[in-house]
Amino acid sequence: MRAAEQSPVSNVARDPKRTGRSADPEPFDAGAPPPGNGPLLSVEDLRVEIPTRRGTVHAVRGVSFHVRKGETFALVGESGSGKTMTCRAIVRLIHPPGRITAGRVLFEGRDLTQLPERELEHVRGHGLVMVFQDPMTALNPVLSVERQISEILLDTPASDSRRARAVELLRHVGIPDPERRLGAYPHELSGGQRQRVMLAIALARQPRLLLADEPTTALDVTIQAQILRLLVTLQRELGMALILVTHDLGVVYQSVDRVAVMYAGEIVELARTTELFARPSHPYTIGLIRSIPSVDRQRRLAPIPGSPPDLAALGRGCPFAPRCAWVAAECLAGDVPLVAVDADHWSRCLRVDQLASA
Amino acid sequence: MGEPLPSAPPSPLLEVRDLVKHFPLPHTLLDVALRRSPEQVRAVDGVSFTLGRGRTLGLVGESGCGKSTLGRCVLRLHDADRGEVRFDGVDLMGLTETGLAPYRKRMQVVFQDPYASLNPRQRVDRTLHEVLQVHGIGTPADRRRRVDALLVQVGLSPADGRKYPGEFSGGQRQRVGIARALAVEPELLIADEPLSALDVSIQAQILQLLLDLRASLGLTMIFISHDLRVVRYLSDDVAVMYLGRIVERAPTAELFARPQHPYTMALLSAMPEVGGVRREPTPIEGEPPSAVRIPGGCRFHPRCPWKVERCSRESPDLDELEPGHFVACHVASERAIATAPRQGLPTA
């Protein structure tokens, strides 16, 4: 296959669900998807670059995917894979000098990369909301919980009803004794409770899309389970879509509908979760799954050799090639496109046919 | 609480008895006003276990449960307040620093963050060489050869010795940390969350390295981790800690197949597993209390779905409910007694 002929964009164009090009909010999902299940978010050929002293780091290199209304979607990958950067680029929260250099982010039909700052603020405040790994850095340390929630509720007129709404929100996210907790400051809360407060603040905005960047990574396992359960429950109750950024395949397996596996700034595989684990179709995904210590202790671990590439000095061809057991000459020839393996299952591997026999 | 004498190996390498380590908090004004001693963090609050030669004990629990403090007390990096740590029959707690020196060589530790435990301004071959020198091992030429061999043993090359810690990736640094620990040919290796700072694919590399080294060197290990998947994969026995105490201990397969303590069950159900039936996590309520104000009675009772009146009054002992399976829970003990006469009959 002559890989260079086929850019990721052309692949996106082949997907009927993603052909909408109009900036008009309403008739975005012109094609195939069933009614009420059209893409809420479409990311198209997104690129993020960060100039450094060592050269330009290509943190996100042509990422395309879509998320439907009410769907749970995961971006999974290791550190430096570009998953967090993709997430931040969606809400345009890239720290300078890093910047989005190409691509579109269509949320309800509007391209967020082109939106004036004021309108973007509005979208960030209402349509889509992001929660971060460490709520301590996202909460204001010198304001009480009540103040921080009330700031979001300014359209609720009287301060009494704002207070009542804040209590209700805190109760909703499982904060015990919410009336008393209103006066608390972030440092007085545990990590799990801070994350619950972050979710209360997020919910106050009634988002249609919640982006959660490693929301449970800093938490202990029992608290992690509580927060994940809360996220999934809220997502279902409110019918919002959820993008979960995580490195934990177990969390992906248990909690999301569809998943994109990222490596070296690209999506290398995209599929329904059950399909991804049943028929992983990229050597990196296969390696990740085999790296998990299994119940079966007789099965030897098969770690992926080597380490991820330097995103400031990428050579030609597949960036996974140096660590890949299936590598062939064609892999180093040029860029590898994302190709359809099956319905709604995509892989960025030229030798995907050979993988099945493994 | 007796140990299972018939099944235990003749002389365990390590025996820990009723180990206690409290850390006093700084004096507060209130302490001064009330003329009381400052409050204490009861990090390790009465822990006993034995570890046979060549075996691996997985020590699991959430942050603040005292698992790392326990590891450090065994190594005498902390001096415990009370209790015994017998290494090969000798109580380490009674030894002076000089008396301890030969034992330091026989037990080593790998930390979570190898970057913090390596000198950033020293080439790693110098660091390894120094370890050998301090312990008086070999001639300078021997030591240089040994350093090269160590680097190869952990999957690096002798040329990597000329690098500084900052020039390595996280996984390679952990390899250096392991080489440093293995330099003196220890019998006991305590690995304190050695994988936590690493990415999944690199974790598997380091885990496989530890497994290979354990097999080739016959190491006895204490593997401290919050990750039950890893612990299940490499431990012979698992001890679950909660607020400074072991609440359950059993052979690995037994613990995962038939957990008896409600906290262990909660940990297992919170573990997001790859494979099997997709299920919603069923988390227990609440969060662990602070180790300064440990609840009276059973320390788990405020979060326990099974609690009965007795649990808030009386702290349960770690009872051997089945051979080799120890559980500290009133309800589990009563159940075990209630079902004992029916043993051998088919159960529902």
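Residues numbered from 1 in each chain as written. Chains lettered and ligands numbered in written order. Predicted model: local features only at pLDDT ≥ 70, side-chain atom pairs only at ≥ 80, totals over all residues.

## A word on the overall build of chain B
- Along chain B, the regular secondary structure elements total 12 helices and 12 strands.
- A principal-axis box enclosing the C-alpha atoms of chain B has dimensions of 65 × 60 × 40 Å.
- Across the 348 residues in chain B, those meeting the buried criterion constitute 43%. (Helix = DSSP H or I, 4+ residues; strand = E, 2+ residues; numbered from the N terminus. Buried ≥ 20, exposed ≤ 12 C-beta atoms within 10 Å, placed from the backbone.)

## Some points on the pairing of strand 8 (residues 241-246) of chain A
Residues and elements named next belong to chain A.
- Within strand 8, six of the six residues are buried, which leaves it mostly tucked inside the rest of the structure.
- Because side chains alternate across strand 8, one face comprises the buried residues Ala241, Ile243 and Val245, and the other comprises Leu242, Leu244 and Thr246, equally buried.
- Pairing between strand 3 (residues 72-76) and strand 8: five bridges, direction parallel. By the bridge assignment, Ala74 is partnered in strand 8 with Leu244.
- Relative to strand 8, strand 7 (residues 209-213) runs parallel, the two being bridged by five bridges. Bridged to Leu211 within strand 8 is Ile243. (Pairing = 2+ DSSP bridges.)

## Quick word on the nonpolar core
- In this structure, Ala200, Leu209 and Ile243 of chain A together with Val240 of chain B are the most contacted members of the largest nonpolar core, which totals 182 residues.
- Among the elements that line this core, the one with the most residues is helix 8 (residues 191-204) of chain A, at eight residues.
- Apart from the residues within four sequence positions on either side, Ala200 of chain A is in contact with Ile149, Leu169, Leu170, His172 and Val173 of chain A. (Core = buried A, V, L, I, M, F, W, Y, C linked by C-beta atoms within 7 Å. Contact = placed C-beta atoms within 7 Å.)

## Some words on the sheet that holds strand 11 (residues 339-342) of chain A
Residue and element names in this part refer to chain A.
- Pairing in this open sheet of eight strands is mixed, and the strands run 6-7-8-3-9-10-12-11 from one edge to the other. The sheet is open, and its two edges are formed by strand 6 (128-131) and strand 11, each paired on a single side. Averaged over all pairs of adjacent strands, the angle between their axes in this sheet comes to 20 degrees, without regard to strand direction.
- Where strand 11 meets strand 12 (residues 345-347), three bridges bridge the pair, whose relative direction is antiparallel. (Axes fitted to C-alpha atoms, helices over the stretch in contact; angles between N-to-C directions.)

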